[in-house]
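The lines below spell out each chain.
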Amino acid sequence: MKKALSILFLLTPLLAAAQSPTPESPLPLQYEIWVRLDPAHKMLHGREIIRWTNTSRDTVPDIWFHLYWNAFKNERSALMEEARIEDPSGEFHGDTDVKDGDWGWIDIGKIRLKDGSDLAPTMTFITPDLPRHADDQTVMRVALPKPLAPGETAELEIGFQARIPRTVRRSGYYHNGYFIGQWFPKPGVYQEGEGWNCHQYHLDSEFFADFADFRVHITVPREYVVGASGKGISSRSDKAAGTTTYTFAQERIHDFAWTADPDYMRIERDFIAAREVSEAEYREVAGALRLPLEAIRLPDVKMILLINPEHRGQVERHFKALRAAIKYYGLWYGPYPYETVTMVDPPFGSGSGGMEYPTLFTAGTQVLPSPQTNDPEMVIVHEFGHGYWYGLAASNEFEEAWLDEGINTYATGKVLAKAYGQGSFPMILAGIPLTRYSGSFKYSDLELDRLAGVHAAMLDPVTTISWRFSSSLSYAMNVYMRAATNLRTLENFIGKEAMLRVMRAFHTRFRFRHPTTRDFIATANEASGRNLNWFFDELFFAAKEWDYAVEYAVSTAASTPRGVFERQGKKVETTVQTAREQDRKEKNKTFHTRVRVRRLGEARPGPGVMLKILTVFENGARKIENWDGQGRWTEYIYEGPSKVKYARIDPDGIFLIDRDLSNNSYVVKSRVVGALRWSGKLLFWLQNLLQFASALS
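Calculation rules
- Residues numbered from 1 in each chain as written.
- Predicted model: local features only at pLDDT ≥ 70, side-chain atom pairs only at ≥ 80, totals over all residues.
- Heavy atoms only, no water.
- Helix = DSSP H or I, 4+ residues; strand = E, 2+ residues; numbered from the N terminus.
- Contact = heavy atoms within 4.5 Å.
- Areas by Shrake-Rupley, 256 points an atom, 1.4 Å probe, with all protein chains shown as cover.
- Pairing = 2+ DSSP bridges.
- Axes fitted to C-alpha atoms, helices over the stretch in contact; angles between N-to-C directions.
- pLDDT = per-residue confidence, 0-100.
- Buried < 20%, exposed > 50% of the residue type's maximum accessible area, 1.4 Å probe, protein only.
- Core = buried A, V, L, I, M, F, W, Y, C linked by side-chain atoms within 4.5 Å.
- Phe/Tyr/Trp six-rings, centres within 6.5 Å; stacked < 30°, edge-to-face > 60°.
- Expected span 1.5 Å × (residues − 1).
- Bend = angle between axes of the 7 residues up to and from the residue.
- Parallel < 35°, antiparallel > 145°, perpendicular 65-115°, else oblique.
- Left-handed = near helix turned anticlockwise from the far one by under 90°.
- Nonpolar A, V, L, I, M, F, W, Y, C, P; charged D, E, K, R; others polar.

S.K.: I'd like a rundown of the overall build of the protein, residues and numbers included.
M.R.: A tally of regular secondary structure across the protein gives 14 helices and 35 strands. Partitioning the contacts of the protein with sequence separation of at least 6, the portion at a separation of at least 24 is 74%. By element, 52% of the accessible surface of the protein is carried by carbon and sulfur atoms, the whole surface being about 30200 Å².

Here is the structure:
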């Protein structure tokens, strides 16, 4: 069976290639968009042509569209109502606190088919999600004059205008700078037998769309510098109008964003694979993945940086981080498939940092960054990484956010550890990084993810639909930190190389597709050769804590028993004094040792999975037991010539998702170790507090 699984795993890249559109084949969705930026009135004026082909076996009577910017239209949108309910003061969701005059919206001026059929009279706003927000206008439906049969194509022309909001949810304007995301009318995803998957824009959700070919013409005042998804293919100036029109094109992406600012410095560098990756590194990764060298070689990539002049001293830090991201994501998960990638340093205070779109992402830095902290490096690696887990293996972030956020948080930690080692916590006061002038608190992403993630276990399952989490904090801690910690635990459990093969197989198989959690589980089972269903049932689909503890480990010396005994037909009493005298004469003492371990949480190992329990004695002897962890407690009794020194459950540190690692061991009569144990608890809570603060920022 394992041999068959291995063969199937090796065939996975071929299967994925057979099931995905080739670079030359046109996708069933194409966009051509013309948009003009009007900075004076903070408006976009746009026209788009959409060609949508019905690839299902269903007859489709209508088309549903996302109109995301209507989430910023008023306080009756789903996003705004959810923000006010969860956070009436506006302190936590400050980016939804819209001031008078700063609202944003999108209007459809016309919508018609290629044959001239006017669809505008059929336009209606719908609220498909529960709980309902009756006045939400982020999803629009239009009825077709004739249902679209399988294989037929609808070509629509849409005229629209949009009011650009003061930055909300990282889209909008700040002074003269613009970051324009989720800005054009966009069809939902049609799922055969189920209809349109087209959710409203919720407070705790992101996006989901089909892969498409894009060609976008952006007209801006000529002093503006523009960056966008895809590759710039032309620019044309209109001296009379004082504008420049930039044209960008990209195949096989599922969204398109752009940015414009007169202050940007545009700098280009090349990622040249032959310089960045040695033959030894290729051989090492190919061996771990069990793939031929040619399957993992990386292409060259054009790197574009748009950075603010006050940050010019950080240019090389940006490119160094991006090179590391392209290298390790490419080696481990699959070569980056596009010619270009653009990273944007948004203006300080704009609120548009840390945002990902296909081939384009925003980073975020400070005028005085700390040389000890991985900032902006962490943001650059993380946001580029989204291009893999959101951009290529395009999961539904509305419904299963962990498939992007959790996997990418896990992958980000791996890349940062490989490229930079430990980081320093970015302690900042009034915009000044204190670590520039003092010592720094070192940490790894693994530690911080774990410390936040273990406290999220009882809040909600990781796989909860995004807007149905109990709070935004639960959403963030579960889909980012807890999911990443679960994946680290899975890596420990099945081994690093097996985990690498799982991740590579999942990414390769589902490039340019829409994978689900069930797809990930099936891939993990197949590529690892194990049945891991229990792992996901306990740690992803349930709100259960994993917490095992050594309750005690105690040794007592065997002593002469007191009392009345029959000896040679007579009753003889052994007293305290005679028992002590007998014990003193005993040269080879025997000790009775009892070790009890307890399950404190509700999560448990699956069938055949055993928890290791190590007991170490003062004379160096060791005992190892294996417990299935199903009961509430178990106890082990030993008899031997030495006292117990300590006992530990999970001594190899496999199960990082254990809520309290400080109770995983019990050390006997060691004041120093005891102090260390309580220091560990203090550090645990300190790091946890810091992580919560980070999550809130």
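Once the structure has been displayed, the description carries forward.
S.K.: How would you sum up the side chain of Asp62? Please name residues and give values.
M.R.: With respect to the secondary-structure elements, Asp62 resides in strand S3 (residues 60-66). Leave out the neighbours within four places in its chain, and Asp62 touches Arg141, Val142, Ala143, Leu144 and Trp196.

S.K.: Report on the sheet that holds strand S19 (residues 301-307), specifying residues and quantitative values.
M.R.: In space, the five strands of this open sheet follow the order S18-S19-S20-S22-S21, with mixed pairing throughout. The open sheet has two edge strands, strand S18 (265-271) and strand S21 (355-357), and neither has a second partner. The mean angle between the axes of side-by-side strands here comes to 15°, regardless of whether they run parallel or antiparallel. Note: S19 against strand S20 (residues 340-344), five bridges, orientation parallel. Each bridged residue has a counterpart across the sheet, and for Lys302 the counterpart in S20 is Thr340. Packing of helix H6 (residues 377-389) onto the sheet brings it into contact with S20, S21 and strand S22 (360-362), and relative to S22 it is tilted by some 145°.

S.K.: Please give an account of the confidence of the model for the protein that cites residues and values.
M.R.: Residues of the protein with pLDDT of at least 70 account for 88%, and the chain-wide mean is 89. Considering only residues more than four positions removed or in separate chains, one finds that residues 1-23, a stretch of pLDDT under 50, has 26 contacts. Contacts from residues 689-697, a stretch scored under 50 in pLDDT, to residues over four places away or in other chains number 10 contacts.

S.K.: Any details on the pairing of strand S16 (residues 243-253)? Residues and values, ideally.
M.R.: Burial runs high along S16: 10 of the 11 residues are buried. Bridge analysis of strand S15 (residues 231-238) against S16 gives seven bridges, and the strand direction is antiparallel. Bridging from a neighbouring strand, Lys231 pairs with Ala249 of S16.

S.K.: Tell me about the nonpolar core, and please be specific about residues and values.
M.R.: In terms of nonpolar packing, the biggest core is built from 176 residues, with Trp183, Phe256 and Trp258 touching the most fellow members. If one sorts the elements of this core by residue count, helix H5 (residues 315-333) sits on top with 12 residues. The contacts of Trp183, once residues within four sequence positions are left out, are Ile33, Val35, Leu44, Trp69, Ile106, Phe160, Val216, Phe256, Ala257 and Trp258.

S.K.: Outline the environment of Val667, listing residues and values.
M.R.: Within the element layout of this structure, Val667 appears in strand S35 (residues 665-667). Residues Val667 and Val644, 23 residues apart in the sequence, show an inter-C-alpha distance of 8.7 Å.

S.K.: So what's going on with the packing of aromatic side chains? Residues and values would help.
M.R.: Within the structure shown, the criterion is met by 44 aromatic pairs. Both rings, one in Tyr329 and one in Phe384, keep their centres 5.9 Å apart while their planes meet at 75°; by these two values the pair is edge-to-face. Here Tyr329 is found in helix H5, whereas its partner Phe384 is found in helix H6, with 55 residues between them in sequence. Taken individually, Tyr329 and Phe384 each receive the classification buried, so the pair is uniform in this respect. When the centroid spacing of 4.7 Å and the interplanar angle of 55° are considered together, the rings of Trp402 and Phe540 count as tilted. Note that Trp402 is positioned in helix H7 (residues 402-420) and Phe540 in the loop between helix H12 (533-539) and strand S27 (548-557), a separation of 138 residues in sequence. Just as Trp402 is buried, Phe540 falls in that class too.

S.K.: So what about the sheet that holds strand S5 (residues 124-125)? Which residues, and what values?
M.R.: Taken together, four strands build an open sheet; the order of strands is S5-S6-S3-S10 and the sheet is antiparallel. The open sheet is flanked by S5 and strand S10 (186-187), the only strands paired with a single partner. Judged from the two bridges that link them, S3 and S10 form a sheet pairing that is antiparallel. Across the sheet, His66 pairs through a bridge with Lys186, a residue of S10.

S.K.: An account of unusual backbone geometry is needed here, citing residue identities and associated values.
M.R.: Going from Leu130 to Pro131, the amide bond is cis rather than trans, its omega being -5°. Among the secondary structure elements, Pro131 is positioned in the loop between S5 and strand S6 (139-148). At Arg290, a residue that is not glycine, the phi angle is positive and equals roughly 60°. By secondary structure assignment, the location of Arg290 is in the loop between helix H4 (279-289) and S19. Take Arg290: its relative accessible area is 47%, and that puts it in the partly exposed class.

S.K.: Can you break down helix H11 (residues 517-528) residue by residue, with the values?
M.R.: Residues spaced three or four apart along an α-helix point in a common direction, a consequence of the helix completing one turn every 3.6 residues. With 12 residues, H11 extends 16 Å between its outermost C-alpha atoms, agreeing within 8% with the 16 Å of an ideal straight helix rising 1.5 Å per residue. H11 sits mainly inside the fold: nine of its 12 residues count as buried. Every buried residue of H11 is listed here: Thr517, Phe520, Ile521, Thr523, Ala524, Asn525, Glu526, Ala527 and Ser528. Trailing H11 by a residue or two, Gly529 shows a phi angle of about 75°, which is positive.

S.K.: Please provide a residue-by-residue account of the environment of Arg252, values included.
M.R.: Note on placement: Arg252 falls in strand S16. Its relative accessible area of 12% is what places Arg252 among the buried residues.

S.K.: I'd like a rundown of helix H9 (residues 472-494), residues and numbers included.
M.R.: Counted at 1.5 Å a residue, the expected span for H9 with its 23 residues is 33 Å, and the 32 Å between its end C-alpha atoms agrees. At Asn478, H9 shows its largest bend, some 35°. Along H9, 20 of the 23 residues are buried, which leaves the element largely enclosed by surrounding structure.

S.K.: Can you lay out the packing of helix H10 (residues 496-509) against H11 for me, pointing to particular residues and giving the numbers?
M.R.: Axis separation between H10 and H11 bottoms out at 9 Å; the angle between their running directions is 130°. Between H10 and H11, the angle is such that the two are oblique. As H10 runs across H11, the sense of the crossing is right-handed. Counting all contacts with H10, which are made through Arg501, Val502, Met503, Ala505, Phe506 and Arg509, the residues of H11 involved are Asp519, Phe520, Thr523, Ala524, Glu526, Ala527 and Ser528. Across the contact of H10 with H11, the residue classes tally to seven nonpolar, two polar and four charged.

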